[in-house]
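Chain by chain, the residues:
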Amino acid sequence: MSNISKLTILLPLYNSSEFLVDLIDCILKNDLPRQTVKLVMIDDGSNDKTIEIIETYLDELKQSFSRVMFFRQHQNVGVSQNHKTLLTFVETEYFCFIDSDDVFSPDKLRHQINVMDANSDFAMCGTDHVTFNRNEKVVLPAFQQDLVLEELDLRLYLKNIPPSQNSTLVYRTSMFRLFEAGTRYHFDIANQISIMCQDAARMCILRFPFSGYRVGTGYSKDLSKNLPTFLKVIDDIAFPIICMGSIIPRHIIFVRYLRFLLPYLKILFFEHGILGL
């Protein structure tokens, strides 16, 4: 790899103090050449100790990567708008979003960049993950324990929607397509569908648990308590598919995404109570 920044890590923050130190530790330990990584963080009006934690580690982060940028929004604008603002700072060949309560192995990003460097038609590269709760208890193991590369086109993507958690994905900037109609709740899925609807676009998944996805905190916890919001998520995901003339009917997309969500909803029901109206 050259000394020019190759990957931008985008970190949206909002009341993230509980698990933020663990994530910063993962970012610092990633084994990509430090001069190839740019880090951009935006806090969306936190009222906990998020700012204090970032300021504690800011000098170390700036010494570790080619460029580090940190911004504060004094008014909460919501997760989707925060993601859109972060995207305006991407100038590198690749970028990724990382959730502030997740973790990943030191070699995750290197494996993904190497695969995408070798396959110029891959628009995205995800990984398998282990799902655990706020107490570090594994509630869903990874699907695959051996490192296997799985390739998907649009049909396979929609058949397995979504095939990988957004926080595990690395995106190719030149193939990224922002779905401008936008969604409030599932900004990431709408964009992934928009990307996969391009001619000959493909993605891949490294079937190995490089990531840890925490359930029952932040967005997923809020969603579990509000049935109308949950239904809005499903409708948001179907909307871009309909707009783009999907090859798969809307009700089939509903069923497939619900199938993906069921294990997570089961966890949320038992740990945080049933969905409320």
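Residue positions within a chain follow its written sequence, with the count starting from 1. Where totals are concerned, whole chains, interfaces and linings use all residues; where local detail is concerned, this predicted model gives features only for residues with pLDDT of at least 70, and gives and counts side-chain atom pairs only at 80 or more. The basis for every side-chain value is the complete set of heavy atoms in the structure, and neither hydrogens nor water enter the calculation.

### Here's the deal with the overall build of the protein
- Secondary structure is summarised from DSSP: a helix means a run of H or I of at least four residues, a strand means a run of E of at least two, and numbering begins at the N terminus for each. Within the protein one finds 9 helices and 10 strands.
- Type-normalised accessible area, obtained with a 1.4 Å probe on protein chains alone, sets the label of each residue: buried when under 20%, exposed when over 50%, and partly exposed for intermediate values. Across the 277 residues in the protein, those meeting the buried criterion constitute 51%.
- Two residues qualify as a contact provided that any one of their heavy atoms is within 4.5 Å of a heavy atom in the partner residue. Pairs at least 24 apart in sequence give 83% of the contacts found in the protein among residues at least 6 apart.
- Accessibility throughout is a Shrake-Rupley quantity obtained with a 1.4 Å probe, and a residue counts as covered only by protein chains that appear here. Counting only carbon and sulfur atoms, one obtains 53% of the accessible surface of the protein, whose full area is about 12,700 Å².

### Overview of helix H4 (residues 108–118)
- Residues of H4 that are buried: Lys108, Leu109, Gln112, Ile113, Val115 and Met116. The arc enclosing the buried residues of H4, seen along the axis, measures out at 165 degrees, which places them on a common side. The arc refers to the directions leading from the helix axis to the C-beta atoms.

### Here we look at helix H1 (residues 20–29)
- For H1, the set of buried residues is Leu20, Leu23, Ile24, Cys26, Ile27 and Leu28.
- Buried residues along H1 sit against strand E1 (7–13), strand E2 (37–44), helix H2 (50–64) and strand E5 (103–104).

### Some points on the pattern of salt bridges
- Each salt bridge in this description consists of a side-chain nitrogen of Lys or Arg and a carboxyl oxygen of Asp or Glu lying within 4 Å of one another. What the rule picks out here adds up to 10 salt bridges.
- Between Lys6 and Glu93 there is a salt bridge whose closest N-O contact spans 3.0 Å. A residue pair is termed long-range when its members are at least 10 positions apart, and Lys6 in the segment before E1 and Glu93 in the loop between helix H3 (79–87) and strand E4 (94–97) qualify at 87 residues.
- Here the salt bridges do not stand alone but share partners, grouping Lys6, Glu93, Asp117 and Arg172 into one network.

### Digging into the packing of aromatic side chains
- When the centres of two rings from Phe, Tyr and Trp lie within 6.5 Å, Trp using its six-membered ring, the rings pair. Their planes under 30 degrees apart give stacked, over 60 give edge-to-face, and anything left gives tilted. For the structure on display, the rule yields 6 aromatic pairs.
- When the centroid spacing of 5.0 Å and the interplanar angle of 10 degrees are considered together, the rings of Phe95 and Tyr171 count as stacked. Remark: Tyr171 occurs in strand E9 (residues 170–172) and Phe95 occurs in strand E4; sequence separation between them is 76 residues.
- A relative accessible area of 1% means that Phe95 is categorised as buried.
- Taking relative accessible area as the criterion, Tyr171 reaches 2% and is therefore assigned buried.
- Ring geometry for Tyr171 and Phe176: centres 5.5 Å apart, planes at 90 degrees, overall edge-to-face.

### So, the side chain of Asn82
- Inspection of the secondary structure puts Asn82 in helix H3.
- With residues near it in sequence (within four places) discarded, Asn82 still touches Pro12, Leu13, Ile42, Asp44, Gln73 and Val77.

### Points about the confidence of the model for the protein
- For every residue, the pLDDT score states the predictor's confidence, bounded by 0 at the bottom and 100 at the top. When pLDDT is averaged along the protein, the result is 79; 70% of the residues meet or exceed 70.
- Every residue in residues 239–247 scores below 50 in pLDDT, and together they form 20 contacts with partners more than four places removed in sequence or on other chains.
- Counting interchain partners and residues more than four positions distant, the pLDDT-below-50 stretch residues 272–277 has 19 contacts.

### Section: the nonpolar core
- Residues Leu7, Ile9, Ile27, Met41 and Leu61 are the most contacted members of the largest nonpolar core, which totals 36 residues.
- A per-element tally of this core places H1 first, with 6 residues.
- If sequence neighbours within four positions are ignored, Leu61 has contacts with Ile24, Ile27, Leu28, Leu39, Met41 and Val68.
- We define the nonpolar core as a collection of buried residues of types Ala, Val, Leu, Ile, Met, Phe, Trp, Tyr and Cys that are connected through side-chain atoms lying within 4.5 Å of one another. The next biggest cluster of nonpolar side chains, apart from the first, holds 26 residues, and it includes Val40, Ile42, Val90 and Met124.

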